[in-house]
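Notes for the structure review
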Amino acid sequence: MSASNTPASVRTELRGPVLIATLDSPPVNALNVELRRGLIAAIEKAEADASVQAVLLVGAGRAFIAGADIREFGQSPQPPSLPEVCNRIEACSKLVVAAMHGHALGGGLEVAMAAHYRLAMRDAKLGLPEVQLGLIPGAGGTLRAPRLMGVGPAVDLMLSGRHMGAVEAQACGLVDRLGDDDSAEVAGLAYALELLQQGASMRRTRDASATSAERSESLATLAKLEAETAKKSRGLFSPLKVIESVRNGLELSFDEALKRERQLFLQCIDSPQRAGLIHAFFAEREVVKVPEARAAQPRRLASVGVVGGGIMGAGIAVSLLDACLPVTMIERDEASIARGRANVEKVYDGLIAKGRMTSEAKAAVMARFSGSISYDALAQVDLVIEAVFEDLDVKKAVFAELDRVCKPGAVLATNTSYLDIDAIAASISRPQDVIGLHFFSPAHIMKLLEIVVPAKVSADVVATAFNLANKLKKVPVRAGVCDGFIGNRILAVYRQAADYLMEDGASPYEIDAAVREFGYPMGPFQMSDLAGGDIGWATRKRRAATRNPKARYVQIADRICERGWFGQKTGRGYYLYPQGSRTGQPDPEVQAIIDAERERAGITPRSFTADEIMRRYMAAMINEGANVVDQGIALRPLDVDATFLYGYGFPRYRGGPMKYADMVGLDQVLADIRTFAKEDPLFWQPSPLLERLVDEGKNFDSLNRAQ
Ligand code: 3HC
Ligand code: NAI
């Protein structure tokens, strides 16, 4: 037995006739240049050594290989490329076996598909998720996966980006053997020795050939999938490139198809969608890196109380129960607690009706739930989340009760959307334990959790909140205290820009269409109809007294609400919803209200193109995003991006509003704002941060990297 370190992160060790090549680049063996060089070196070493009869590829640590090193994309490529590595593995004159554990994704699975035989541990997860990053598998994956699994299943794997379990992978031909031993190395070594004993041949995936009947059938399958993908992929660039490459694999020689796959991959690399999607990938992982989580250990978190069982309280309770946490819900009276429990049960009953949960499973979950009208029931919980009416006095009264009954060290959180959490904290004897946990509706589904950090809160409470988000599988974003925190504060501004557009001449339907065309699932007026116009109306009335009398105020929404038209729940809002329909139709009476309001305000309407609509909408969003960063409400621009990606339906392939601004060019955004400011200098005040960055020739991303 001998061991050596070939280039840095691929270790080789000879065990009898098998050279074990272990990829060791924590945390997930992403195929950076050292690993690529190391793999080639290991193959060459095996070929040069007559005593070696087989090579076993394994990964150290928690994964086989998570794919190409995404951090290298966009930088100048370093040889050897991954397709070269895969070709070299496949061409090896000694038997190559890949033994996968943990994740084998993207380029990682492509390495395995280039090996001659594949073993996967039972818990391994295999996938080709490149489309989620705006890419296609670019190291032979679009050609080798169909040869191993068939065109339909391979395209499904590539377009869904899903992770396939090892048992399924074996059933569909992607994997030859399942491993049950202690480690992939032990199982892989046994398998390699067995293959050698059997005299197994070098079985190269590229040589797997189809009959002409099979090829025609595959082309027909592909034509069908192409039509479906064109409909479903909604402006996404890479899914159709996957299909194109798979077709090349059926129609051209392997080498020619491989060359074309590379070209298509490079087109994807150059696409702004790739930049947006990879930014989103890293933003989601960076948001958890906050000073408090680095500085302090989270407190114990084994049981939770929820005060209020309405829309939010029930959704929050479901989210907690799903994470296996016991929940005690407090309501005002017996009828309300029964309603709160029913709200929770309704979610599970919906899952049962769809066949996604059994009654037994629901019973097991509900066994963790208890309801009470006495705050004393919260005496021993580690965390309480308050979700009662949005009224400072009501909330302060609840917190006074919590202060009275909760054990020392319990974390006391509020789900308020807008209220001053510093004021809530200051009203009790333990402000260091008070934090904002702003969930989004429906709370058991939406991924965003704004963690709002008041002035007096202690670092371990913030760390506990991030720990909770991890348990709930949410994307947590740290926010400072202000009216609306990150998301709702920015929303208020671009929503106003949409109202100005409407009063100036664009119809709500044109604005919604432009916003959908940009990539959102729905526009702001559809969103208002869905959420209920009465919510915004109540907020506007509450703020009427403090509104700047010089600021422009569009009254159209008030005129609509005065008629009792609150959106879907009342059958009409900006749109008409005949007979409970959820798809709205343009309403001529709403158009008449808008016309009357324009006339009252002395505005001569003009037309707007979709491009103009989006320039204003986005400029307002970006400008307020810059203010939020400048004032420290968001730690970095990427926190604003994550907020909008996970809480507001911002199209992921555009990376978030701040990344989008970087791609458009901050000078362009600032120039737009200065042009719009000629009409309304009060509303369109350029953010000082935006001006500074433009002056210095920097972008928002420079601030992400500065942290
Ligand atoms: N490249 C570079 N870094 C990566 C990476 C990759 N492919 N995959 C993960 N990482 C990093 C993460 O950014 C994170 O870094 P951090 O600790 O500094 O924040 C660290 O590895 C751990 O990742 P996670 O926090 O996501 O760990 P999990 O255990 O939750 O998840 C995973 C592991 C399922 C592998 C997940 O990281 C993942 O999905 N990775 C991306 C997989 C992927 O998309 N592969 C395809 C890449 S493109 C490709 O291969 C092109 C080829 O066809 C040519
Ligand atoms: P809701 O009106 O549906 O529910 C409030 C519940 O609190 C009611 O069931 C009520 O009986 C109960 N309640 C009131 N006073 C109480 C008290 N003193 N003790 C115990 N229970 C009491 O309201 P919703 O929509 O669930 O909102 C709750 C909070 O969540 C508000 O602060 C709101 O701003 C915030 N929020 C709401 C979102 C939404 O989309 N609805 C999104 C994010 C936050």
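These remarks concern the structure in this document. This structure is a prediction, so every number in the text was calculated from the model and none was measured.

Definitions and limits used
Residues numbered from 1 in each chain as written. Chains lettered and ligands numbered in written order. Predicted model: local features only at pLDDT ≥ 70, side-chain atom pairs only at ≥ 80, totals over all residues. Heavy atoms only, no water. Helix = DSSP H or I, 4+ residues; strand = E, 2+ residues; numbered from the N terminus. Buried < 20%, exposed > 50% of the residue type's maximum accessible area, 1.4 Å probe, protein only. Pairing = 2+ DSSP bridges. Right-handed = clockwise from strand over helix to strand, strands pointing away. Near = heavy atom within 4 Å. Polar contact = N/O pair within 3.5 Å; in protein donor to acceptor, adjacent residues only side chain to side chain. Areas by Shrake-Rupley, 256 points an atom, 1.4 Å probe, with all protein chains shown as cover. Nonpolar A, V, L, I, M, F, W, Y, C, P; charged D, E, K, R; others polar. Core = buried A, V, L, I, M, F, W, Y, C linked by side-chain atoms within 4.5 Å. Domains from an automatic or database assignment. Contact = heavy atoms within 4.5 Å.

Structural notes on unusual backbone geometry
For the bond from P26 to P27, the omega torsion is 0°, close enough to zero to count as cis. Within the element layout of this structure, P27 appears in the loop between β3 (18-23) and α1 (33-48). For the peptide bond that leads from S441 to P442, omega is -5°, which places it in the cis range. The phi dihedral of N29 is positive, around 55°, even though this residue is not glycine. By the secondary structure assignment, N29 is in the loop between β3 and α1. We classify N29 as buried; its relative accessible area is 1%. Of note in the backbone geometry, C324 takes a positive phi value of approximately 70° without being a glycine.

Thoughts on the pairing of strand β16 (residues 434-439)
Of all six residues making up β16, six are buried, and the element is well covered by its neighbours. Judged by which residues are buried, β16 turns out to be covered on both faces: V434, G436 and H438 on one side and I435, L437 and F439 on the other are all buried. Examined bridge by bridge, strand β15 (residues 411-414) and β16 share three bridges and lie parallel to one another. Paired with L412 across the strands is V434, a residue of β16. Between the parallel pair β15 and β16, the chain is carried across by helix α17 (residues 421-426), and the sense of this crossover is right-handed.

Some words on the site of ligand 1
Close to ligand 1 lie 26 residues; R62, G107, E110, E130 and R285 are nearest. With respect to ligand 1, the side chain of R71 contributes an N or O atom lying 3.4 Å from an oxygen atom. Expressed as a share of its isolated accessible area of 990 Å², the protein-covered part of ligand 1 is 79%. For the shell around ligand 1, the elements supplying multiple residues, two or more each, are β6 (103-105), α3 (107-114) and α11 (272-286). Looking at the shell around ligand 1 element by element, the count peaks at three residues for α11. A breakdown of the residues in the shell around ligand 1 according to their chemical character gives 14 nonpolar, five polar and seven charged.

A word on helix α4 (residues 141-149)
Across the nine residues that make up α4, a large majority, eight, are buried. Those residues of α4 lying buried are G141, T142, L143, R144, A145, P146, L148 and M149. One or two residues past the end of α4 sits G150, with phi positive at roughly 95°.

Concerning the nonpolar core
The biggest cluster of nonpolar side chains holds 94 residues, and the ones touching the most others in it are L378, L402 and F700. Element by element, the count of residues in this core is highest for helix α25 (residues 610-630), at eleven residues. Residues lining this core come from more than one domain, with at least three contributed by each of domain 2 (301-482) and domain 3 (521-606). Setting aside chain neighbours within four positions, we find L378 in contact with G305, V307, T328, I330, V384, L402, V405 and C406. Core analysis: the next-biggest nonpolar cluster, separate from the first, contains 69 residues, A42, M113, A120 and L264 among them.

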